[in-house]
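Overview (structure and organization)
Here is how the chains run, residue by residue.
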Amino acid sequence: MSNTKKVYIAGGCFWGMEDLFRNRKGIIDTEVGYIGGENKNPSYKYHPGHAEGIEITYDESQTSFKGILDYFFRIHNPTTINRQGNDKGTSYRSAIFYQDEDEKRTAEEVIEIVNASNKWDGEVATSLEAFSPFWPAEPEHQDYLQKYPNGYTCHFERFEESFI
């Protein structure tokens, strides 16, 4: 029996999120792409309604969906609507793409915990969206910050301590 699962999240520019998640315990693989939009086969130049998202493959015997969401809320600002750093627009929204009702309930629970912590200066604006097809981004966007270590990112650990 496999302990491998996938999670789909978006929190602004996908390069920075991928770079931070890739070295977390239990993370097997990361892939950046587009999710939650209007067209098939989106591209970096044309992805209406899609968020710049990340597909995370993880070993649930080493980490959990809840643990991944905890870290997600520590590395981007979930209180801004359609914005992270200098990036603005729906492509940069904060979103969790749940695959079933259990994931949706867990996401709601973690959002409540994050809001109750009062660590952020506002309420979480992260949208909960039903999973839709994930389209991998072009090869030049995969592992971008490994290829260009000084490349643009607006992601960093804002809180060392866990919310959960």
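Residues numbered from 1 in each chain as written. Predicted model: local features only at pLDDT ≥ 70, side-chain atom pairs only at ≥ 80, totals over all residues. Heavy atoms only, no water.

**Observations regarding unusual backbone geometry**
Phi is positive for asparagine 41, which is not a glycine, with a value near 55 degrees. Turning to its location among the elements, asparagine 41 is positioned in the loop between strand E2 (27–35) and strand E3 (51–59). With a relative accessible area of 59%, asparagine 41 lands in the exposed category. Even without being glycine, aspartate 143 reaches a positive phi, approximately 55 degrees. (Helix = DSSP H or I, 4+ residues; strand = E, 2+ residues; numbered from the N terminus. Buried < 20%, exposed > 50% of the residue type's maximum accessible area, 1.4 Å probe, protein only.)

**Quick look at the packing of aromatic side chains**
In total, this model carries 10 aromatic pairs according to the counting rule given. Ring geometry for phenylalanine 72 against phenylalanine 73: centres 5.1 Å apart, planes inclined by 65 degrees, an arrangement best described as edge-to-face. Accessibility expressed as a relative area gives 0% for phenylalanine 73, which makes it buried. Centre to centre, the rings of phenylalanine 159 and phenylalanine 163 are 5.7 Å apart; their planes meet at 70 degrees, and the pair counts as edge-to-face. Look at phenylalanine 159 and you get buried, because its relative accessible area is 18%. A relative accessible area of 10% means that phenylalanine 163 is categorised as buried. Following the ring pairs from residue to residue traces out a cluster consisting of Tyr8, Phe131 and Phe134. Taking the ring centre of phenylalanine 163 as reference, the NZ or CZ of lysine 119 above it sits at 4.8 Å. Directly above the aromatic system of phenylalanine 156 lies the positively charged group of arginine 158, at a separation of 4.1 Å from the ring centroid. (Phe/Tyr/Trp six-rings, centres within 6.5 Å; stacked < 30°, edge-to-face > 60°. Lys NZ or Arg CZ within 6 Å of the ring centre and 35° of its normal.)

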